[in-house]
Amino acid sequence: MKNIILIAAPAAGKGTLSEMLVEKYNYAHISTGDLLRDAAKKGDELGNKISEILKKGELVTDEVVFQLLERRLNDEDTKNGYILDGFPRTLSQAKEYDLMVQKMGIDLGIAVVIDTPYETLKKRIVGRVLCKECGSVYNTLTGVNTPKVDGICDKCGGELYKRSDDNEESFENRYKTYEEKTAPIIDYYKEKGNLFFIKGESKEQMLESIEALLHD
Ligand code: AMP
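Note that the structure is predicted; figures quoted are calculated from it, not measured.

Caption draft 1: Looking closely at the sheet that holds strand 2 (residues 28-31). Here we have five strands laid out as an open sheet, ordered 2-3-1-4-8, and parallel in their pairing. Of all the strands in the sheet, the pair left with one neighbour each is strand 2 and strand 8 (195-199). On average, adjacent strands in this sheet sit at an angle of 25 degrees to one another, irrespective of strand direction. Across four bridges, the pairing between strand 2 and strand 3 (residues 82-85) is parallel. Looking at strand 3, one finds that Ser31 is bridged to Asp85. Packing against the sheet, helix 4 (residues 62-73) makes contact with strand 2 and strand 3, and its axis sits at approximately 170 degrees to strand 2. Against the sheet, helix 8 (residues 203-214) engages strand 1 (4-7), strand 4 (110-115) and strand 8, with an angle of about 155 degrees to strand 8.

Encoded structure:
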């Protein structure tokens, strides 16, 4: 399968689209946010530093991100095709990533932008809650996936919690960072000729549009 670079603002639907592609096409899903959160959980010196940056909604240094990513790209499950979720976040990451895939003999694949309105993004983030037990995601503001009982997971009865960076201030910070640093990579891939846009308002719409690109 074609490797996919997903480019989108926070909560634009990268996670949801990735989940569908993993299930249907056996893609490996690589979220640099997840890689960083896992590293932060270790509680060592590096982990604590990462944790502080994540709380503020700022970007982690390229050195750390590339180290975690390179390790992940050596895993066997990425050979069938992978989705990059949350990476590259900056033009400099996009350029360095080009060199990395060349060196590793990996195909760059396609870059896909998910287009989702600002107000929708904000509600998705500020209202997002997750299950401590099974990781299921709900929302208390958008009217989509509202938990039936407040604070309790519909699927397993586990307790629901908020990610520490899912607050309004952090959202605005992350959105500003996205606009300033990530939007230029759209132009970068446009020039390369491997850029495509899809609409992010519904799951079905996203899947249908990306499948058209994959089967092209
Ligand atoms: P995400 O789960 O993609 O929303 O990422 C959560 C946080 O992880 C971001 O707000 C950043 O602090 C950090 N992060 C994720 N991906 C990157 C990246 N490619 N470069 C730098 N920081 C990142």
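Caption draft 2: Representation of the nonpolar core. Ile4, Ile7, Leu17, Leu21, Tyr97, Tyr189 and Ile210 are the most contacted members of the largest nonpolar core, which has 58 residues in total. Considering each element in turn, this core owes the most residues, seven residues, to helix 7 (residues 168-192). When sequence neighbours within four positions are dropped, the list of residues in contact with Leu17 reads Leu6, Ile114, Ile198, Met206, Leu207 and Ile210. Val129, Cys131, Cys153 and Leu160 belong to the second-largest nonpolar core, a separate cluster that totals five residues.

Caption draft 3: Local environment of the side chain of Asn194. By the secondary structure assignment, Asn194 is in the loop between helix 7 and strand 8. Side-chain polar atoms of Asn194 contact the backbone oxygen of Gly109, separated by 3.0 Å. Once residues lying within four places of it in the same chain are set aside, the contact partners of Asn194 are Leu108, Gly109, Ile110, Ala111 and Tyr189.

Caption draft 4: Focus on the site of the ligand. Every one of the 15 residues lining the ligand counts as a neighbour, but Thr32, Arg37, Glu58, Arg89 and Gln93 are closest to it. At 2.4 Å, a backbone N or O of Glu58 approaches an oxygen atom of the ligand. Here the ligand has 490 Å² of accessible area as a free molecule, and 96% of this is covered by the chains. The greatest single-element share of the shell around the ligand, amounting to four residues, is contributed by helix 2 (residues 32-41). Of the residues contributing to the shell around the ligand, the split by class is six nonpolar, four polar and five charged.

Caption draft 5: Expanded view of the packing of helix 2 against helix 4. Put simply, helix 2 and helix 4 touch, their axes get as near as 10 Å, and they point 105 degrees apart. When the axes of helix 2 and helix 4 are compared, the pair comes out roughly perpendicular. Here Thr32, Leu35, Leu36 and Ala39 of helix 2 lie close against helix 4, whose contacting residues are Val64, Val65, Leu68, Leu69 and Arg72. Its residues placed into classes, the contact of helix 2 with helix 4 shows seven nonpolar, one polar and one charged.

Caption draft 6: Just helix 8, in detail. Over its 12 residues, helix 8 runs 16 Å from end to end, which matches the ideal 16 Å to within 8%, given 1.5 Å per residue. Among the residues of helix 8, Met206, Leu207, Ile210, Glu211, Leu213 and Leu214 are the ones counted as buried. Mapping the buried residues of helix 8 onto a view down its axis gives an arc of 155 degrees, with all of them on the same face. For helix 8, exposure combined with an orientation more than 90 degrees from the buried face picks out Glu204, Glu208 and Ala212. On the buried face of helix 8, the contacting elements are strand 1, helix 1 (14-25), strand 4 and strand 8.

Caption draft 7: View of the layout of surface pockets. Roughly 220 Å³ of internal volume is contained in the second largest pocket. Considering the residues around the second largest pocket, the lining is formed by 13 residues, among which Leu35, Ala39, Lys42, Leu68 and Arg71 are closest to the centre. Looking at the lining of the second largest pocket, the elements that each hand over two or more residues are helix 2, helix 3 (45-56) and helix 4. Considering each element in turn, the lining of the second largest pocket owes the most residues, five residues, to helix 4. Across the lining of the second largest pocket, the residue classes tally to five nonpolar, two polar and six charged.

What counts and how
- In this convention, every chain numbers its residues from 1, walking through the sequence in written order.
- With pLDDT at 70 or above as the cut-off, local features in this predicted model cover only qualifying residues; side-chain atom pairs require 80 or more to be listed or tallied, and sums for whole chains, interfaces and linings still use all residues.
- Water and hydrogen atoms play no part in the side-chain values, which are based on all heavy atoms of the structure.
- By definition, two strands form a pair when at least two bridges between them are found by DSSP.
- Under the DSSP-based scheme used, a helix requires at least four consecutive residues in state H or I and a strand at least two consecutive residues in state E, with every element numbered from the N terminus.
- Whenever a helix is involved, its axis is fitted only over the stretch in contact; in every case the axis is a line through C-alpha atoms, and angles between N-to-C directions fall within 0 to 180 degrees.
- Throughout, a residue-residue contact means that at least one pair of heavy atoms, one from each residue, lies within 4.5 Å.
- In this description, a nonpolar core means a group of buried Ala, Val, Leu, Ile, Met, Phe, Trp, Tyr and Cys residues linked to one another through side-chain atoms lying within 4.5 Å.
- Exposure is judged per residue with a 1.4 Å probe applied to protein chains only, and the accessible area is read against the type maximum: over 50% gives exposed, under 20% gives buried, and values in between give partly exposed.
- Think of a polar contact as two N or O atoms within 3.5 Å of one another; within protein, one of them needs to be a possible hydrogen donor and the other a possible acceptor, and neighboring residues in sequence only count if both atoms come from side chains.
- Any residue with a non-hydrogen atom lying within 4 Å of a molecule or strand is treated as near it.
- Surface accessibility follows the Shrake-Rupley procedure with a 1.4 Å probe radius. Residue values consider only the protein chains on display as shielding.
- Classification convention: Asp, Glu, Lys, Arg as charged; Ala, Val, Leu, Ile, Met, Phe, Trp, Tyr, Cys, Pro as nonpolar; all other residues, Gly among them, as polar.
- Angle categories: roughly parallel below 35 degrees, roughly antiparallel above 145, roughly perpendicular from 65 to 115, and oblique for all the rest.
- One fewer than the residue count of a helix, multiplied by 1.5 Å, yields its expected span.
- The arc in question is the one spanned by the directions pointing from the helix axis to the C-beta atoms.
- Using a 1 Å grid laid over the protein atoms alone, points where a 1.4 Å probe fits but cannot get out form a cavity; open sets with protein on both sides within 12 Å along at least 5 of 7 lines form a pocket; any residue with an atom within 4 Å of a point counts as lining.
- Grid points are joined across faces, edges and corners, and a volume is the space filled by probe spheres set on the points.

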